[in-house]
Amino acid sequence: MRIIRFVEGDARVLAALTDENQVYPLPDSDFMTLVRRADREGCSVLEAVNRQIAGAVPSDKDFGSLALAAPIDAPEVWAAGVTYLRSKEARNYEATGGRLDASTFYDKVYDAERPELFMKSTAARTVGPGGDVCLRSDSSWQVPEPELALVLDGGGGIIGYTIGNDMSCRDIEGENPLYLPQAKIWRQSCSIGPAIRLADTMSDPYKLTITCRIFRDGEKVVEESASTGQLKRKLDELVAYLAKDNILFDGTVLLTGTCIVPPNQFTLAPGDRIEIDITGIGTLTNTAVSA
Ligand code: DO4
Ligand code: MG
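You'll find the protein chain entered in an unreviewed UniProt entry as Fumarylacetoacetate hydrolase family protein, with Paenibacillus artemisiicola given as the organism. In UniProt, the protein chain has this text filed under Sequence similarities (unreviewed entry): "Belongs to the FAH family."

**Student:** Got a sec to walk through the state of the cysteines? Specific residues and values, please.
**Tutor:** Summed over the entire model, instances satisfying the criterion amount to zero disulfides. Looking at Cys134, it has no disulfide partner, and the nearest cysteine sulfur is the one in Cys169, 11 Å off. For the unlinked cysteine Cys212, the closest cysteine sulfur is that of Cys259, found at 10.0 Å. Its relative accessible area of 2% is what places Cys212 among the buried residues.

**Student:** Pulling in residues and values, what's your account of the environment of Pro27?
**Tutor:** As for its position among the elements, Pro27 is in the loop between strand E3 (23-25) and helix H1 (31-41). Given a relative accessible area of 57%, Pro27 falls into the exposed group. Here the alpha-carbon distance between Pro27 and Gln52, two residues 25 residues apart in the chain, equals 8.7 Å. Other than its neighbours up to four places away in sequence, Pro27 contacts Arg37 and Gln52.

**Student:** Please give an account of the site of ligand 1 that cites residues and values.
**Tutor:** The full set close to ligand 1 counts 16 residues, and Val82, Ser87, Glu116, Glu145 and Lys184 are the nearest of them. Within the backbone of Thr258, a nitrogen or oxygen atom sits 2.9 Å from an oxygen atom of ligand 1. Bound to the protein, ligand 1 loses 99% of the 280 Å² it would expose on its own. Taken together, the elements giving at least two residues each to the shell around ligand 1 come down to strand E5 (76-81), helix H3 (85-96), strand E6 (116-122) and helix H6 (180-184). Counted by class, the shell around ligand 1 contains five nonpolar, four polar and seven charged residues.

**Student:** For the coordination of the magnesium ion (ligand 2), give the residues involved together with the corresponding values.
**Tutor:** Perfect tetrahedral coordination of a metal by four donors corresponds to 109.5 degrees between them, and perfect octahedral coordination by six donors corresponds to 90 or 180 degrees. Note on the magnesium ion (ligand 2): its protein donors are Glu145 (OE), Glu147 (OE) and Asp166 (OD). The metal-donor distances range over 2.0 to 2.1 Å. Spacing between the donor residues of the magnesium ion (ligand 2) along their common chain follows E-x1-E-x18-D. Of the two residues, Glu145 and Glu147, both sit in the buried class.

**Student:** Describe the packing of H1 against helix H2 (residues 45-53), naming the residues involved and giving the relevant values.
**Tutor:** Contact pair H1 / H2: the axes reach a minimum separation of 8 Å and the direction vectors enclose 95°. Considering the angle they form, H1 stands roughly perpendicular to H2. Contacts from Leu34, Val35, Arg37, Ala38 and Glu41 of H1 reach H2 at Val45, Ala48, Val49, Arg51 and Gln52. Among the residues making up the contact of H1 with H2, the classes are represented as six nonpolar, one polar and three charged.

**Student:** Before we move on, could you go through the environment of Leu17 and cite the residues and values that matter?
**Tutor:** With respect to the element layout, Leu17 can be found in strand E2 (residues 11-17). Judged by its relative accessible area of 0%, Leu17 is buried. Along the chain, Leu17 and Arg197 lie 180 residues apart, while their C-alpha atoms are 9.3 Å from each other. Aside from chain neighbours lying at most four places away, what touches Leu17 is Met1, Arg2, Ile4, Gln22, Val23 and Phe63.

**Student:** Talk me through the packing of aromatic side chains; I want residue IDs and the actual numbers.
**Tutor:** Scanning all chains against the criterion turns up two aromatic pairs. Here the aromatic rings of Tyr93 and Trp141 are separated by 6.3 Å at their centres, their planes lie at 70°, and the arrangement is edge-to-face. Taken together, the positions of Tyr93 in helix H3 and Trp141 in the loop between strand E8 (132-135) and strand E9 (142-143) put the pair 48 residues apart, joining distant regions of the chain. The exposure class assigned to Trp141 is buried, which follows from its relative accessible area of 16%. Ring plane angle 50° and centroid distance 4.6 Å describe the contact between Phe105 and Tyr106, whose orientation is recorded as tilted. Classification of Phe105 as partly exposed rests on a relative accessible area of 40%. A cation over an aromatic ring shows up here: Lys120 above the ring of Trp186, its NZ or CZ 5.6 Å from the ring centre. Taking NZ or CZ as reference, Lys234 lies 4.3 Å from the ring centre of Tyr206, over its face.

**Student:** Hey, could you go over the pattern of salt bridges for me, with residue numbers and the actual values?
**Tutor:** Summed over the entire model, instances satisfying the criterion amount to 27 salt bridges. With its nearest N and O atoms 2.6 Å apart, the salt bridge here joins Glu8 to Lys61. In this pair, Glu8 sits in strand E1 (residues 2-8) while Lys61 sits in the loop between H2 and strand E4 (68-69), placing the two residues 53 residues apart along the sequence. Glu8 gets classed as partly exposed once you look at its relative accessible area, which sits at 37%. You can call Lys61 partly exposed: its relative accessible area is 33%. In this structure, the salt-bridge partner of Arg91 is Glu173, at a minimum N-O distance of 3.4 Å. Of this pair, Arg91 sits in helix H3 while Glu173 sits in helix H5 (residues 170-175); the two residues are 82 residues apart in sequence, bridging distant segments of the chain. Here the salt bridges share partners, and the residues they tie into one network are Arg91, Glu94, Lys120, Glu145, Asp166, Arg170, Glu173 and Lys184.

Definitions and cut-offs
- Residues numbered from 1 in each chain as written.
- Chains lettered and ligands numbered in written order.
- Predicted model: local features only at pLDDT ≥ 70, side-chain atom pairs only at ≥ 80, totals over all residues.
- Heavy atoms only, no water.
- UniProt positions renumbered as here; feature names shortened; annotations may be inferred.
- Disulfide = S-S within 2.5 Å.
- Buried < 20%, exposed > 50% of the residue type's maximum accessible area, 1.4 Å probe, protein only.
- Helix = DSSP H or I, 4+ residues; strand = E, 2+ residues; numbered from the N terminus.
- Contact = heavy atoms within 4.5 Å.
- Near = heavy atom within 4 Å.
- Polar contact = N/O pair within 3.5 Å; in protein donor to acceptor, adjacent residues only side chain to side chain.
- Areas by Shrake-Rupley, 256 points an atom, 1.4 Å probe, with all protein chains shown as cover.
- Nonpolar A, V, L, I, M, F, W, Y, C, P; charged D, E, K, R; others polar.
- Donors = N, O, S within 2.8 Å, 3.2 Å for Na, K, Ca; no water.
- Axes fitted to C-alpha atoms, helices over the stretch in contact; angles between N-to-C directions.
- Parallel < 35°, antiparallel > 145°, perpendicular 65-115°, else oblique.
- Phe/Tyr/Trp six-rings, centres within 6.5 Å; stacked < 30°, edge-to-face > 60°.
- Lys NZ or Arg CZ within 6 Å of the ring centre and 35° of its normal.
- Salt bridge = Lys/Arg side-chain N within 4 Å of Asp/Glu carboxyl O.

Okay, structure coming up:
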């Protein structure tokens, strides 16, 4: 079972999306309101949704025709980094000007007990499915980072899974690690959606295929896939470090790191369409535009 939100007139409607792609509008104004209602009713979010849709008639709207919005207004989006070997190699390439034999702080963090975690975005900087992601004007090496994203409650519980795009400037990041916030955070530099797969209906988050496709002038210029099975760390481990002596707001999203990096000569251009699929969650599509 997945939860989506779509735009209808001036309103945003929360809805359940079944595995058969049937859409059932829900009475709750947003995802966390649904989660709190389930809590009050003493049941799981899945049970609350199932009760709501039992006997109800699905919407006659076709899922594909809906104007989807971000499934949650995440107050904060955090991100983990260098959680896959592929990311470590790509970061080393950036930081050493292509000297793949060099040992860097990226090697250290990949092996360290403490993971890399950083603040990625806020609700105002985050876009949803179909939205525009911005390209920084002072970078000439920019890529999407397709990532499995965790939707957390204030206690650090994983209540759902979605897709995140951690837009990144490889040149700024490679120039100096102290530039990381600028390489990661700017207007519309993060995208999440299109749906939240409820945690109770996720069979194994370490067996998901992530695929990223990029289209330019209607032609596919990048297509790469990888598995969350290659994740170096456990999801609970990332959440535990994020929650340590911290405040977690209900609906915080944690991106779990990228396992896909486009070829080194590739940089995004305005007009590029970015598609990120994750098994059982859906496809997050965004267009790159100049900031
Ligand atoms: O260390 C820089 C960030 C790495 C990152 O965002 C990732 O591995 O996904
Ligand atoms: Mg990333």
